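A closer look at the structure
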Amino acid sequence: MLTYPLDMVRARMAVTAKEMYSNIMHVFVRISQEEGVKTLYKGFTPTILGVIPYAGITFFTYETLKKLHADKTKRSQPYPYERLAFGACAGLIGQSASYPLDVVRRRMQTAGVIGSSYTTILGTMREIVKQEGIRRGLYKGLSMNWVKGPIAVGISFTTFDVTHNLLLKLHQMGYSIH
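Basis of the calculations
- Residues numbered from 1 in each chain as written.
- Predicted model: local features only at pLDDT ≥ 70, side-chain atom pairs only at ≥ 80, totals over all residues.
- Heavy atoms only, no water.
- UniProt positions renumbered as here; feature names shortened; annotations may be inferred.
- Salt bridge = Lys/Arg side-chain N within 4 Å of Asp/Glu carboxyl O.
- Helix = DSSP H or I, 4+ residues; strand = E, 2+ residues; numbered from the N terminus.
- Buried < 20%, exposed > 50% of the residue type's maximum accessible area, 1.4 Å probe, protein only.
- Domains from an automatic or database assignment.
- Buried area = accessible area lost by both parts, 1.4 Å probe.
- Polar contact = N/O pair within 3.5 Å; in protein donor to acceptor, adjacent residues only side chain to side chain.
- Nonpolar A, V, L, I, M, F, W, Y, C, P; charged D, E, K, R; others polar.
- Core = buried A, V, L, I, M, F, W, Y, C linked by side-chain atoms within 4.5 Å.
- Contact = heavy atoms within 4.5 Å.
- Axes fitted to C-alpha atoms, helices over the stretch in contact; angles between N-to-C directions.
- Parallel < 35°, antiparallel > 145°, perpendicular 65-115°, else oblique.
- Left-handed = near helix turned anticlockwise from the far one by under 90°.

Naming follows an unreviewed UniProt entry, where the protein appears as Solute carrier family 25 member 42 of Poecilia formosa. In its Sequence similarities (unreviewed entry) section, UniProt records this for the protein: "Belongs to the mitochondrial carrier (TC 2.A.29) family."

Moving on, we come to the pattern of salt bridges. Where side chains of opposite charge bring their charged atoms close, a pairing between them can arise. On inspection of all chains with the given rule, the structure shows 13 salt bridges. In this structure, D161 engages R83 in a salt bridge whose closest nitrogen and oxygen atoms are separated by 2.6 Å. Of the two residues, D161 sits in helix 7 (residues 142-172) while R83 sits in helix 4 (residues 80-114), which places them 78 residues apart along the sequence. Under the relative-accessibility criterion, D161 is labelled buried at 7%. Here the salt bridges share partners, and the residues they tie into one network are D7, R10, D102, R105 and R106.

A few words on the domain arrangement of the protein. One can read the domain layout of the protein as domain 1 (37-140) and domain 2 (143-177). A straight line from the C-alpha centre of domain 1 to that of domain 2 covers 21 Å. Around 1200 Å² of area is buried between domain 1 and domain 2 when both sides are counted, 62% of it from carbon and sulfur atoms. For the interface between domain 1 and domain 2, the tally reads 2 salt bridges. K66 is paired through a salt bridge with D161; the nearest N and O atoms lie 2.9 Å apart. Applying the counting criterion to the domain 1 and domain 2 interface returns 6 residue pairs in polar contact (both at pLDDT 80 or more). Taken together, the elements giving at least two residues each to the side of domain 1 that touches domain 2 come down to helix 3 (44-73) and helix 4. In terms of residue class, the side of domain 1 that touches domain 2 is built from 9 nonpolar, 6 polar and 3 charged.

Looking at soluble globular proteins, one finds that nonpolar side chains tend to be buried together. Ranked by size, the top nonpolar core spans 11 residues in total: Y99, L101, V103, V104, M108, A111, Y118, I121, I128, L138 and L142. The element that contributes the greatest number of residues to this core is helix 4, accounting for 6 residues. For Y99, the contacting residues outside a window of four places in its chain are R106, L138, Y139, K140, G141, L142 and N145.

Below, the discussion takes up the packing of helix 1 (residues 4-15) against helix 2 (residues 24-35). In contact at an axis separation of 10 Å, helix 1 and helix 2 are set at 95 degrees when each is read in the N-to-C sense. Classified by the angle between their axes, helix 1 and helix 2 sit roughly perpendicular to one another. Along its contact with helix 1, which presents P5, L6, V9, R12 and M13, the element helix 2 presents I24, V27, F28, I31 and E35. In terms of residue class, the contact of helix 1 with helix 2 is made up of 8 nonpolar, no polar and 2 charged.

Each pair of packed helices gets described by two things: the angle between the helix axes and the distance between those axes. For the pair helix 4 and helix 7, the least separation of the axes is 6 Å and the interaxial angle reads 135 degrees. It follows that helix 4 is oblique to helix 7 by the angle criterion. The two elements helix 4 and helix 7 meet at a crossing, and its hand is right-handed. Here P80, R83, L84, G87, A88, A90, G91, L92, Q95, S96, Y99 and D102 of helix 4 come into contact with helix 7, specifically with L142, N145, W146, G149, P150, V153, G154, I155, F157, T158, D161 and N165.

Along the chain, S96 falls in helix 4. In sequence terms S96 and Y54 are 42 residues apart; their C-alpha atoms lie 8.6 Å from each other. Those residues within four positions of S96 in sequence are excluded, and the remaining contacts are Y139, L142 and W146. Within the structure, the side chain of S96 is placed 2.8 Å from the backbone oxygen of L92, a separation counted as a polar contact. Within the structure, the side chain of S96 is placed 2.9 Å from the side chain of W146, a separation counted as a polar contact.

What follows is the structure, given as structure tokens:
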């Protein structure tokens, strides 16, 4: 919630001519003065709603793949490269499921400068589908996320698991982390 306005500013800077804003602070000031401070949170609701299926699906997929792997191999812990693969699969599926809300968020963030009047999630979705269709509208740009996202999610899950297991081992050896 605290960093969301930075995402809004980034989206605005990405779709406007560089002459429109001189720096990040100028974007904040200009949006606040011309469109109101509330505009800095335009698209926040689809972001929060998109996190729910994304997080649920990625964690479920990652943990399910680890469990299936343990059942099949009889090893309690997968190797780091296996964790990376499981995280990549989880990220791919999670991002694909929640991507339409990401498109809606971006459209709502940039509505003021591209001359659109996207105000509600459903209204924005309807307008995108009407003008561009489902695949070319709500999933526009997904292929780029398929490159970046799985790598990032795989690394995140692997780093978390390896660190978590290391801390558990240290705790079992009697080391206390305070």
